[in-house]
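So you can see what is in the structure, the chains are spelled out below.
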Amino acid sequence: MRFAVVQFPGSNCDQDCVHALRGLGQEARLVWHHETRLDPDEGVILPGGFSYGDYLRCGAIARFSPMMQSVKAAAERGQVVVGICNGFQILCEAGLLPGALTRNEGLHFRCEPSHLRVESPASRFTSGYGTGQMLRIPIAHGEGCYRAEPKVLEELEARQQILFRYCDAEGRVTAEANPNGSSHSIAGIRNQAGNVLGMMPHPERACEPEMGGLDGKGILLGAAGIGRSA
Amino acid sequence: MKAVVTVTLKPSILDPQGEAVLHAVKGMGLQEVKSVRIGKHIELEIEGGDEKKLKAKLEEISRELLSNPVMENFHLDLRAGG
Amino acid sequence: MKAKEFALKLGLTEEEFDRIQNGLGREPNETELGMFSVMWSEHCSYKNTRKELRKFPTTGPAVLVKAGEENAGVVDAGDGLALAFKIESHNHPSAVEPFQGAATGVGGILRDIFTMGARPVAFMDSLRFGRPDAPGEAGKRTRSLIHGVVAGISHYGNCVGVPTVGGELVFDPAYEGNPLVNVFCLGTLRHDQIRRGAAKGVGNPVFYVGAKTGRDGLAGAAFASRDLTEESKADRPAVQVGDPFVGKLLFEACLELYARPDLVVGVQDMGAAGLTCSTCETASRGGSGIEIELRKVPQRETGMTPFETLLSESQERMLIIVRKGRERELKEIFARWGLDAAEIGTVTDTGRVVVMEGGKVVADLPARMLADDAPVYERAAMTPAKLAEKQKYDLGKILPAQPRVKEDLLKLARSPATGSRRWVWNQYDHMVGLRTVVRPGSDAAVLRVEKPGGGWVRVAMTLDGNGRWCAQDPREGSKALVAEACRNLACAGAVPLGLTDNLNYGNPHDPELFWQLREGVEGMAEACRAFDLPVTGGNVSLYNQSPSGPIHPTPVVGVVGKVDEGVKLAPAVFSTGGGEVVLLGTTASGGLGASLYLQEVHGVIAGKLAAVDLVSEKKLHAVTRMVLAQPGVRAVHDVGEGGILWALAEMTFGEGSAGGEFRVPCGKERPEEALFGEGAGRILVELDETSMPTVENLAKEGGVELTHLGRTGGKDLQVTVHGAEMIWPVAELRDGFEKSLPKALGP
């Protein structure tokens, strides 16, 4: 499948996403935030980084870029959209996913491997994994604390939109294993239609043994529509 | 009583955040805007105490804690009521 | 004599003023004096240290850009790949405003690297503060400095998307009033991408790109060249604010610009002394002149005088000279990245920097005189009167009659001096870019770097300094830290290619302090020659002292090397058990002089480090690299601060690492000396039993001693010395190691 990796001013995981996707046999092209064209069969990646320096609020300025209007339209048409880290923040600011990402509870930026529990394999992004499977994928963010109204959280739970939760090395979801204080230990969610994924951990950093594991492959391959074969 | 402390960057200090917002604001069609400066608004609810002493203490807190005297100015506003 | 008074106010001396006046053949105006004051400051001219710096070896087959030629040195890494790297200090700005001081330090070194044409791929930081666990105000102030500096580095480095992959964090009361913040950056490029900071081609346009100019950091270079005093806080208008967002756009735009064939003629960043430095240095290097119009300089503030515009140290700005007729290409690229690009002048053949404001000449100076003709001083050096006394020590009076090694090691493990630096590097994105193969917490960081023709080269790098060693013996201490840096690279299987140094010392007018610098330079130079290691550039930071006194003499070195092709990288921590552990290198501990043990456990800095045997050291590194190319190597770690016992303890701190049973060689010395001595030339290796014969053979052939220490296994660290056996549960040591730093720093 082909992916458009969007470059906002200040994106810095754009090249990493291209590298990871190509390494998995997918096509990837970089598109500048001023552009508007997206092909109808293309998947979209909003990569990590600090779009507009994360000034004002993370993702707040990026959502107004011309490309984001195209991304919204593509998402509504059912095209796959994956927001990683800063990309997740942009998706929330743009209203493509509910909730918001706020300053980590510990107030510090954290870059470390995180353990994730796959909550629901019933999505294209997690179809390569089993329920409760444990993944080890790095996080690197200062504002990854997921917050939403109680009602929204209930809905996310009820509709199995929560795809990943932070857990400890044994797979237990605990407060200690939650690196940023996210409500319900949320690390990644999908939209109701199932074509938009936002997650704070970086799957593109876990696609090669030399980089510390392969656990991120399934997510990117899942986005490409390649399920269990991973 | 309520104390409102407004912290702003000193005029000669670069405000990267303000610059980025300025750029975005222009991008959204407001060409007339010339400058954006972003500061902090801090509210403290206070019960009881001698106003004069409070004011002196709040000045100190604003200077030492709430603002960074190296780069920022502050304005303290002490109001009666909640 | 108004001009002279003004010159003195700016920090120039009377002799320097006379030199300027005679050189010009007229009285300089205030703007011109401002320009001289920054260009002739120590920071820009090395006027106090130039004679010493000439002692460094700077040539070698791998050197592509030599020290002093450009913003950063460049070395050849083979296959057409080149590496640009440099270290720089931001000590004084960080003391005044830790967050912005550290952030702009990172931004500054970043610009030095991409100015060379390189893509920045890694940062490292060497940080020194007072003790965070000191009582009262001092501890509180130190903790807040540490929080600020780490947050500032994190803010800038993370945002620009360049990983921070290593460094050091050291505490010592000597840095309480004057912290050290040294930042290092590595960039990669092809040989044919090297950029020069020279203004060439008469009539070529001179562009100003990047952020607008404000009154930031006015005369920062002069600020860095004075002692820190109580009044420094009042110098606060000098604080520059870094904008990593613009920094990132700037380097992406510049790299895109460089990629256009034959477009860029010369490029220079505007760091210290801003517009002044970039114009006169490019003109001087190009053997040309430059004429600029200040009205065309993008300004953030109104009413700036020529003096202010020329001396401003606003961040994220570059001076770029392109080929005439191709101005549009540059403008298009910078517009796309949303950055200012203003044509502010042209290259001339007059040899002069001519500055105009509204068509009126406000400064007209010979470029070479500004850039290269600063006076060179021969500073007096004198062996400190108290040195011999400092170096003498009586262990019998310091150590208890009965050794208490068990308690000693626990004390060391619980000290913030030795504790895990995870709290720091977790705040840095050390993985972005997908190059970081060996992450922080090991002896050296290793990056994989794309070769121009495809495939990877592994590049190892380390930062090392040791103020305590150097305070007790600046010459041997400096030799030892170069040896240690190279040993760290050896543990990653790498051959060192080049060294960048940051010389952090006190006031050069004090002969005892200048003696420290001279000894340090000579010691480093000797070690570099022994390792065939060219010095490719660096930075000098003098006047590091506060009312409570000077810092320890603290040279910090950054060494970059290439990992041998056949090497399989081994972690610095033990396997899950069942491996043989050997000591490669000398069995001599070097004694407890200048050791961390005496400082941390007994509260004294005494004695001096044992002399480093550079010949044996070099053999050890060669053998280690060969050993790492063999199958069955499980772990490798060098013996440094804290001695062999601390090195063994650290090796048990890995996720799932086993403990082990070891016998440490000990001669007639006290067991504390055998266990905690910091003598150089030692590397610990854990390996499969089956690999032992090959490794023994390699050591023998390489002329390196090999001593069997024991085996890994179990959950305890068990050490026998002089027949006395001691046991520590690994969990207890590791708990101290993991928690000491967060505990000392607070939330």
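Residues numbered from 1 in each chain as written. Chains lettered and ligands numbered in written order. Predicted model: local features only at pLDDT ≥ 70, side-chain atom pairs only at ≥ 80, totals over all residues. Heavy atoms only, no water.

> Report on the overall build of chain B, specifying residues and quantitative values.
What chain B contains, in helices and strands, is 2 helices and 3 strands. Each helix (α) and strand (β) of chain B, taken in turn from the N terminus, gives the series β-α-β-α-β. Here the C-alpha atoms of chain B give a radius of gyration of 16 Å, more than 25% beyond the 12 Å that 2.2 N^0.38 yields for 82 residues. Taken along its principal axes, the extent of the C-alpha atoms in chain B is 50 × 30 × 15 Å. Counting all 82 residues of chain B, 34% fall into the buried class. By sequence separation, contacts in chain B at least 24 residues apart represent 69% of the contacts at least 6 residues apart. A total of about 5,100 Å² of accessible surface is found on chain B, and carbon and sulfur atoms cover 54% of it. Of note, chain B has its 12 positive side-chain charges centred 4 Å away from the centre of its 13 negative side-chain charges. (Helix = DSSP H or I, 4+ residues; strand = E, 2+ residues; numbered from the N terminus. Rg over C-alpha atoms; globule rule 2.2 N^0.38 Å. Buried < 20%, exposed > 50% of the residue type's maximum accessible area, 1.4 Å probe, protein only. Contact = heavy atoms within 4.5 Å. Areas by Shrake-Rupley, 256 points an atom, 1.4 Å probe, with all protein chains shown as cover. Lys, Arg positive; Asp, Glu negative; His and termini not counted. Charge placed at Lys NZ, Arg CZ, Asp CG, Glu CD.)

> Report on the interface of chain A and chain C, specifying residues and quantitative values.
Listed as interface residues are 27 residues of chain A and, on the opposing side, 30 residues of chain C. Buried area between chain A and chain C, both sides added, is near 2,400 Å², and the carbon and sulfur share of it is 58%. Counting every contact that joins chain A to chain C gives 4 salt bridges. Here Glu 208 of chain A and Arg 448 of chain C are joined by a salt bridge, their closest N and O atoms 2.8 Å apart. Among the secondary structure elements, those contributing two or more residues to the side of chain A that touches chain C are α1 (14-23), β6 (110-118) and β7 (134-141) of chain A. (Buried area = accessible area lost by both parts, 1.4 Å probe. Salt bridge = Lys/Arg side-chain N within 4 Å of Asp/Glu carboxyl O.)

> Tell me what's going on with the interface of chain B and chain A, and back it up with residues and numbers.
Opposite the 7 residues of chain B that make contact, chain A presents 5 residues. Carbon and sulfur atoms supply 84% of the area that chain B and chain A bury against each other, a total of about 530 Å² over both sides. When the buried area of chain B at its contact with chain A is split by residue, Gln 17, Ala 20 and Met 28 of chain B rank highest and sum to 58% of it. Here chain B is connected to chain A by 0 salt bridges. When grouped by side-chain class, the residues that make up the side of chain B that touches chain A number 6 nonpolar, 1 polar and no charged. (Nonpolar A, V, L, I, M, F, W, Y, C, P; charged D, E, K, R; others polar.)

> Lay out empty space enclosed by the protein in plain terms, naming residues and giving numbers.
Rolled over the atoms, a probe as big as a water molecule pinpoints where empty space is left. Residues and elements named next belong to chain C. Using the criterion set out here, one finds 2 cavities of 30 Å³ or more in the structure. The calculated volume of the largest cavity comes to roughly 80 Å³. Looking at side-chain class alone, the lining of the largest cavity contains 9 nonpolar, 2 polar and 1 charged residues. Taken as a whole, the second largest cavity spans an internal volume of roughly 30 Å³. Contributing to the lining of the second largest cavity are Leu 583, Thr 587, Ser 589, Ile 644, Val 664, Pro 665, Glu 669, Ala 674 and Arg 682. Taken together, the residues of the lining of the second largest cavity break down into 5 nonpolar, 2 polar and 2 charged. (1 Å grid on protein atoms, 1.4 Å probe; cavity = no way out; pocket = protein on both sides within 12 Å on 5 of 7 lines; lining within 4 Å. Points joined across faces, edges and corners; volume = space filled by probe spheres on them.)

> Describe the sheet that holds strand β5 (residues 164-171) of chain C, and please don't skip the residues or the numbers.
All names here are of chain C. Here 6 strands make up an open sheet; going across it, the order is β1-β2-β3-β6-β4-β5 and the pairing mixed. In the strand order of this sheet, the two ends are held by β1 (63-65) and β5, each with one partner. Neighbour-to-neighbour, the strand axes of this sheet turn through a mean angle of 20°, independent of strand direction. Here 9 bridges tie strand β4 (residues 119-129) to strand β6 (residues 180-190), and the two strands are oriented antiparallel to one another. Residue pairing across strands places Ser 126 opposite Asn 182, the latter belonging to β6. Each of β3 (81-89), β4 and β6 touches helix α7 (residues 98-115); the most contacted strand, β6, lies at about 25° to it. (Pairing = 2+ DSSP bridges. Axes fitted to C-alpha atoms, helices over the stretch in contact; angles between N-to-C directions.)

> Summarise the pattern of salt bridges; cite the residues concerned and give the values.
All names here are of chain C. Summed over the entire model, instances satisfying the criterion amount to 77 salt bridges over all chains. Between Arg 215 and Glu 301 there is a salt bridge whose closest N-O contact spans 3.0 Å. With Arg 215 in the loop between β7 (205-210) and α9 (220-223) and Glu 301 in the loop between β9 (289-293) and α12 (306-311), this pair connects stretches of sequence that are 86 residues apart. Overall, the relative accessible area of 21% leaves Arg 215 in the partly exposed class. Measuring nitrogen to oxygen at the nearest pair gives 2.6 Å for the salt bridge that ties Glu 617 to Arg 487. With Glu 617 in helix α23 (residues 614-628) and Arg 487 in helix α20 (residues 474-491), this pair connects stretches of sequence that are 130 residues apart.

> Kindly report on the pairing of strand β16 (residues 456-465) of chain C, identifying the contributing residues and their values.
Residue and element names in this part refer to chain C. Burial analysis of β16 places 9 of its 10 residues in the buried class, the great majority of the element. Two strands pair when backbone bridges link them, and strand β15 (residues 445-450) and β16 are joined in this way by 6 bridges, in the antiparallel orientation. Residue pairing for β16: Arg 448 is matched across the bridge by Arg 458. Note that β16 and strand β21 (residues 554-563) share 7 bridges and pair antiparallel.

> Run through the side chain of Asn 466 of chain C, naming residues and quoting values.
Residue and element names in this part refer to chain C. Residue position: Asn 466 is located in the loop between β16 and α19 (467-472). Exposure remark for Asn 466: the relative accessible area of 4% places this residue in the buried category. A polar side-chain atom of Asn 466 sits 3.2 Å from a polar atom in the side chain of Glu 641. Aside from chain neighbours lying at most four places away, what touches Asn 466 is Arg 128, Leu 481, Pro 555 and Glu 641. (Polar contact = N/O pair within 3.5 Å; in protein donor to acceptor, adjacent residues only side chain to side chain.)

> I'd like a description of the domain arrangement of chain C, backed by residues and values.
Bring the parts together and some accessible area is lost; that lost area is often taken as the interface size. Under the domain assignment used here, chain C contains domain 1 (196-373) and domain 2 (386-419 + 568-747). Its C-alpha centre places domain 1 of chain C at a distance of 50 Å from the equivalent point of domain 2 of chain C. (Domains from an automatic or database assignment.)

> Any chance you could break down the sheet that holds strand β28 (residues 724-729) of chain C for me, citing the residues and the numbers?
Residues and elements named next belong to chain C. Pairing is mixed across the open sheet formed by 7 strands, whose spatial order is β23-β25-β22-β26-β24-β27-β28. The open sheet is flanked by β23 (633-638) and β28, the only strands paired with a single partner. Taken pair by pair, the neighbouring strands of this sheet meet at an average axis angle of 20°, ignoring direction. The pairing of β23 with strand β25 (residues 682-687) spans 5 bridges and is antiparallel. Across the sheet, His 637 pairs through a bridge with Leu 684, a residue of β25. Set on the sheet, α23 makes contact with β22 (580-585), β23 and β25; between it and β22 the angle comes to about 150°. Set on the sheet, helix α26 (residues 692-701) makes contact with β22, β25 and β26 (706-712); between it and β26 the angle comes to about 155°.

> If you had to explain the packing of aromatic side chains to someone new, which residues and values would you point to?
A complete count under the given rule lists 13 aromatic pairs over all chains for this structure. Here Tyr 52 of chain A and Phe 245 of chain C contribute two aromatic rings whose centre-to-centre distance is 5.8 Å and whose plane-to-plane angle is 40°, an arrangement assigned as tilted. On the criterion of chain membership, the pair formed by Tyr 52 of chain A in the loop between β3 (43-46) and α2 (66-76) and Phe 245 of chain C in helix α10 (residues 244-258) is interchain, its members lying in two chains. Judged by its relative accessible area of 11%, Tyr 52 of chain A falls in the buried class. Taking relative accessible area as the criterion, Phe 245 of chain C reaches 7% and is therefore assigned buried. Counting every residue linked through ring pairs, the aromatic cluster contains Tyr 52 and Tyr 55 of chain A together with Phe 245 of chain C. Taking NZ or CZ as reference, Arg 448 of chain C lies 4.0 Å from the ring centre of Trp 456 of chain C, over its face. (Phe/Tyr/Trp six-rings, centres within 6.5 Å; stacked < 30°, edge-to-face > 60°. Lys NZ or Arg CZ within 6 Å of the ring centre and 35° of its normal.)

> Account for unusual backbone geometry, with residues named and values stated.
Backbone geometry places His 184 of chain A, a non-glycine residue, at a positive phi of 55°. In this fold, His 184 of chain A is placed in the loop between β9 (162-167) and β10 (186-190). The backbone of Asp 79 of chain C sits at a positive phi, close to 55°, despite the residue not being glycine. Along the polypeptide, Asp 79 of chain C turns up in the loop between β2 (73-76) and β3. Given the relative accessible area of 48%, Asp 79 of chain C is considered partly exposed.

> Residues and numbers for the environment of Thr 707 of chain C, please.
Inspection of the secondary structure puts Thr 707 of chain C in strand β26. Between the C-alpha atom of Thr 707 of chain C and that of Ile 87 of chain C, which follows or precedes it by 620 residues, the distance is 37 Å.

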